Amino acid sequence: MIKKTKHVLGISGGKDSAALAIYLKRKYPLLDIEYYTCDTGKEMDETYQLIERLENFLGKKIKVLRGAEESHIDPFDHFMKLYGGYLPSSNARWCTKNLKLVPFEKYVADDPVVSYVGIRGDEEREGYISRKPNIQSIFPFRRNIWSEDVINKFLSNSNLEMVASLPEQVDLGKAKNRIVSILTKPTDAGFIQSNKLNQLLDAGIKETNYLIFEFLKTANYPLATETYFPLLENEEVLIRKDIFQILEDSCVGVPAYYNKVDFEVEGKKGQYARSRSGCYFCFFQQKIEWVWLLEQHPERFKMAMDYEDEKAGFTWNATESLRELMQPERVKQIKEEYVNRSSDEFKSPYLMDILDDAEAEGCAACFI
Ligand code: SF4
C-alpha cells in the first residue's frame, strides 16, 4: 500500500519558520501541515512564548520533539554528559545532530514527507536537506521552491532526453517555445545548471514548477504520489521585510529578543539585540550578542558560564572564556568596536541588517 505523504513544518523559534507557518496557513489553508519543534531544553523564554502564540494562531498543537527522550535531564545536558563535557562548536556540532536532526528523522520514520523550510528569497543558504529519500524539502519563500538535489536531477544532461519530452504532458501556454528551447539545451561550462534554472524561471515560474512536478513522478520523491500541489502556482518571493510584516499583521509578533535595546559606551550610542533563535549559549553568537545576554539576561549568561571548563579548554568562544568576556573593560571594548563597525547601519528596525552576517552563518536547523 502506498503511504500517504505527510506535510511537516519545523518551528525553530526564529522569525522565518514562524512566518512560514502563518503564510502557508493563510494562503493554503487546505494543506494539512503537522508542525513540530525540536526542544533542546536550552531555548530562550521568548522562543517558548512564540511557540505558544503560534499554536493559538494556527489552532493546532506544535509537536515537541526531544533528543534522548528517555533521559530524565534536558536533552542538551544528556548529550553533554555523553560527550564528556566537550562543548559543541561550529567544527563539532554534536548538538544539531543529536538534538535536531536525529529527533526529526525519528519522528518522520519511513513515511514520505514534504518538509517546508523558511529560507527566504534574499538568502543564499540552502537549508537542511535530508539524505533520507523519503524526506523532500520545499522552500515556499524562494523563486525556486525546489531543493538542490531535485534541480540537479531535473537539469542533469543524463536526463535531458526524458525531460525534453515533458512539455508534451504539461500545458505551458505561451511560454512553451521558449521553455522547450531552454530545456533541450545541454549544460556545459558556459551554461551551468543555475543559468539554465534562472532562464526557465524567467520564462515562467509556474510552468517550470509544473514541469518539475511532472519530472518528480519519474523519481522516488514524496511529491511523486500527489496528484496536486498548490505551491506550483506560487510565484511570490518573500524577503526579510515581508517576514516581519507577516508576523506583525498576524499579531503573533516578532520574538522579543529581536527588538533592539539602547546602550551607551564612551558617549557613543548603540543598540544591540539577539540575531536568532536557538540555545541561549549558542556558539554561533557574535561577541556583542554575548554582551546583550550578559546585560539583558544575566541569569542565562551565568548558566552559560557554568558549562565552561577553562582548565580543560572547554569554552563557548575559541578565543576567550565568558569569565574573560564579562570583564567591564572587555565589555566596553566589544561595545565600542561594534558601535564603530555598525554606526551607519542602525536604520533597521530590528537590527537584523547589523547582525546580518551572524544570521547567514550557522545552522539552518536551529535558526530559520
Ligand atoms: S542553537 Fe546552537 S547550540 Fe543549540 S543546537 Fe543549534 S547549533 Fe547547537
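Before going into details, it helps to say that this report is about the structure given with it.

Each value, and the rule that gives it
- Residues numbered from 1 in each chain as written.
- Predicted model: local features only at pLDDT ≥ 70, side-chain atom pairs only at ≥ 80, totals over all residues.
- Helix = DSSP H or I, 4+ residues; strand = E, 2+ residues; numbered from the N terminus.
- Pairing = 2+ DSSP bridges.
- Right-handed = clockwise from strand over helix to strand, strands pointing away.
- Buried ≥ 20, exposed ≤ 12 C-beta atoms within 10 Å, placed from the backbone.
- Contact = placed C-beta atoms within 7 Å.

A few points about unusual backbone geometry
- The phi dihedral of Ala-68 is positive, around 45 degrees, even though this residue is not glycine.
- Summarising the element assignment, Ala-68 is placed in the loop between strand S3 (63-65) and helix H3 (75-82).
- One non-glycine residue, Ala-109, adopts positive backbone phi at about 50 degrees.
- Tracing the sequence through the fold places Ala-109 in the loop between helix H4 (94-108) and strand S4 (113-116).

Here we look at the pairing of strand S1 (residues 6-10)
- Relative to S4, S1 runs parallel, the two sharing 4 bridges. Bridging from a neighbouring strand, His-7 pairs with Val-114 of S4.
- Judged from the 4 bridges that link them, S1 and strand S2 (residues 33-38) form a sheet pairing that is parallel. Looking at S2, one finds that Val-8 is bridged to Glu-34.
- In the classification by handedness, the crossover that spans S1, the intervening helix H1 (residues 15-27) and the parallel S2 is right-handed.

Focus: helix H11 (residues 287-296)
- Among the residues of H11, Ile-288, Glu-289, Trp-290, Val-291, Trp-292 and Leu-293 are the ones counted as buried.
- Packing partners of the buried residues in H11 comprise strand S7 (268-272), helix H12 (298-306), helix H13 (322-325) and helix H14 (328-342).

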